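The lines below spell out each chain.
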Amino acid sequence: MTAEPLTVDPEAVAARATALRARVDGLTRHGPIAIVAVTKGFGSDAVRAAAAAGFTDFGENYAQELLVKATDLGDQLSARWHFLGRLQRNKVRSLAPLVVVWESVDRPELAEEIARRAPGARVYVQANLSGEPNKGGAPFSEVPDLVAAARSLGLAVDGLMGVAPAGDPEDARPGFRALVALADDLGVEVRSIGMSGDFEVAVEEGSTELRVGTALFGSRPLRR
Ligand SMILES: *Cc1c(COP(=O)(O)O)cnc(C)c1O
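Residues numbered from 1 in each chain as written. Predicted model: local features only at pLDDT ≥ 70, side-chain atom pairs only at ≥ 80, totals over all residues. Heavy atoms only, no water.

Quick look at the nonpolar core
Counting residues in each nonpolar core, the largest one holds 67 residues, and the members touching the most others are F55, W102, I114, V143, L160, L210 and F217. Looking at this core element by element, the count peaks at six residues for helix α7 (residues 173-186). Contacts of W102, omitting those with residues within four sequence positions, involve F83, L87, V92, L95, A96, I114, A118, A121, R122, V123 and Y124. (Core = buried A, V, L, I, M, F, W, Y, C linked by side-chain atoms within 4.5 Å. Buried < 20%, exposed > 50% of the residue type's maximum accessible area, 1.4 Å probe, protein only. Helix = DSSP H or I, 4+ residues; strand = E, 2+ residues; numbered from the N terminus. Contact = heavy atoms within 4.5 Å.)

Encoded structure:
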């Protein structure tokens, strides 16, 4: 079982959001940058606090956690959910009515199931930036075929997503750069790179979408 979700202080979230936006604006050279508020590990109050601070898009890694929050929030706010985590095919059906962007498409079977349950859905293909197999994402060499396969299934492949290895943010730079170059080649608009620890490097390298949890909500206990 997972631990009880953490609660947040809405004023602290609003203050962190202001600081984050100012920092991102100060670095931006390539055009507007979207910020997805990653609420994993936190309760529905984190979604409410972020919505009050102006966020419209929320990211979750675990199907069950997203479903619980979406049910809890009901019609209170129209959260736009991004699914970010490793995804089993049998979870796609229950998520399909809620998810607006499937960011972690890493294999053809998953694209097929999304196309079946959510025809025409927006997806990003996740590239493995670190080369470590357990980090998720398709190897760079497989990304072009996966993008083509998802497109031929009628999915709207609007972006590439990548998670950099934890550690020195400078170590993230080559992977970010490679992802942006590949997105250019493939004619894919969104570059979903950059998290709390490395968003500055990601923005410098041409991110168009940051996925930020800790820097908005505070730290989470490690899962498992
Ligand atoms: C957890 C997570 C994030 C947010 O991470 P922070 O370091 O808390 O900003 C972003 N993207 C993915 C895929 C994640 O799993």
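Focus on the pattern of salt bridges
Going through the model one piece at a time under the given rule, you end up with 14 salt bridges. A salt bridge links R173 to E204, with the nearest nitrogen and oxygen atoms 2.8 Å apart. Of this pair, R173 sits in helix α7 while E204 sits in helix α8 (residues 199-205); the two residues are 31 residues apart in sequence, bridging distant segments of the chain. Of the residues examined, R173 reaches a relative accessible area of 17% and is grouped as buried. On the basis of relative accessibility, which here comes to 29%, the residue E204 falls in the partly exposed class. Put simply, E205 and R173 hold a salt bridge, and the shortest N to O gap is 2.8 Å. Here the residue E205 occupies a position in helix α8, and R173 occupies one in helix α7, the gap between them amounting to 32 residues. The exposure class assigned to E205 is buried, which follows from its relative accessible area of 12%. Members of the salt-bridge network, linked through shared partners, are E170, R173, R177, E204 and E205. (Salt bridge = Lys/Arg side-chain N within 4 Å of Asp/Glu carboxyl O.)

Considering the pairing of strand β1 (residues 34-38)
Taken across its five residues, β1 has four buried, putting it largely inside the fold. In terms of strand pairing, β1 meets strand β8 (residues 209-212) through four bridges, oriented parallel. Note that in β8 the partner of A37 across the bridge is V212. Inspection of the sheet shows β1 paired to strand β2 (residues 57-60) by two bridges, in the parallel sense. Pairing of A37 across the sheet is with F58, part of β2. (Pairing = 2+ DSSP bridges.)

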